[in-house]
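This is what each chain is made of:
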Amino acid sequence: MIPIKNNIVVKVVLLLSLLLVGTDVCAQSFAELLSKGEEGSVFIVKENYNLGGKKVSIPKNSTLQFEGGSISNGTLVMNDCLIEGKAVFNCAFEGDVANEYFDVSWINRTGDIGSKVNYAQQYFKRLRTPYGKHSLSTPIRIEKATKVYLDGVFTYTGAITNNGSAIEVANSSNCDVY
């Protein structure tokens with residue numbers, strides 16, 4: 001299906017469907033593919049893309065449509081990119097996403113949902129957790145995010161913090177927690 005924006009067919013750029021089962025696609029080929037895209041392109045992520053420690057930019061207002069792939073090991077410059085599908089990231093970020101919230105379940109890192117929220121707020125101002133039951137062993141300390149939507153039931157199993165809370169909003173933070 002070809003996406004349509006404002007009654008205009010959007011160019012779809014298919015990231016290489018290489019027959020390299022179980023291997024990563026190198027940063028150079030990933031960056032080259034993104035550089036061939038133009039503003040508003042749709043990039044289908046079917047493979048595991050290793051950025052090789054490099055910074056790679058997505059064209060402005062484009063879409064990353066995840067269909068089983070992942071992006072790791074580097075910095076991804078988002079440029080108001082829309083994320084669709086079950087995204088998997090293990091990298092640093094610059095810029096923001098076009099989504100209402102950055103879903104912390106997209107982060108493929110060791111640790112509980114609390115550590116993922118704490119990590120993601122370094123890069124994004126609007127975060128959400130997936131709906132469900134969450135066991136927290138790491139306290140959530142909101143310092144940089146401006147909106148955090150905690151969806152589900154949270155059970156805290158870690159050590160009690162100074163204020164006795166598993167979720168803490170720093171005094172200097174101007175944040176709404178839902």
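Description of the structure in this document.

### Quick look at helix α2 (residues 113-120)
A turn of α-helix holds 3.6 residues, and therefore any two residues three or four places apart point the same way.
Okay, step 1: By the criterion of burial, α2 is predominantly enclosed, with 7 of the 8 residues buried.
Okay, step 2: Those residues of α2 not exposed but buried are I113, G114, S115, K116, V117, Y119 and A120.
Okay, step 3: Those residues of α2 that are buried are in contact with β11 (89-94), β12 (102-103), β13 (126-128), β14 (133-136), β15 (140-142) and β17 (153-156).
Okay, step 4: The backbone nitrogen of G114 lies 3.1 Å from a side-chain oxygen of the residue at the head of α2, namely D112.

### Re the side chain of S72
Okay, step 1: You can see S72 is positioned in strand β9 (residues 70-77).
Okay, step 2: Apart from the residues within four sequence positions on either side, S72 is in contact with Y49, N50, L51, N90 and C91.

### Side note on the pattern of salt bridges
Okay, step 1: Inspection of every chain in the model, using the stated rule, returns 6 salt bridges.
Okay, step 2: For K60, the salt bridge identified is with D80, shortest N-O distance 3.3 Å. Remark: D80 occurs in the loop between β9 and β10 (82-84) and K60 occurs in the loop between β7 (55-57) and β8 (63-66); sequence separation between them is 20 residues.
Okay, step 3: On the basis of relative accessibility, which here comes to 42%, the residue K60 falls in the partly exposed class.
Okay, step 4: For D80, a relative accessible area of 32% translates into the label partly exposed.
Okay, step 5: In this structure, D103 and R128 form a salt bridge, with 3.6 Å as the shortest nitrogen-oxygen distance. Linking D103 in strand β12 with R128 in strand β13, this pair joins segments that are 25 residues apart in sequence.
Okay, step 6: Among the charged side chains, a salt-bridge network with shared partners connects D103, R128 and D151.

The rules behind these values
Residues numbered from 1 in each chain as written. Predicted model: local features only at pLDDT ≥ 70, side-chain atom pairs only at ≥ 80, totals over all residues. Heavy atoms only, no water. Buried < 20%, exposed > 50% of the residue type's maximum accessible area, 1.4 Å probe, protein only. Helix = DSSP H or I, 4+ residues; strand = E, 2+ residues; numbered from the N terminus. Contact = heavy atoms within 4.5 Å. Polar contact = N/O pair within 3.5 Å; in protein donor to acceptor, adjacent residues only side chain to side chain. Salt bridge = Lys/Arg side-chain N within 4 Å of Asp/Glu carboxyl O.

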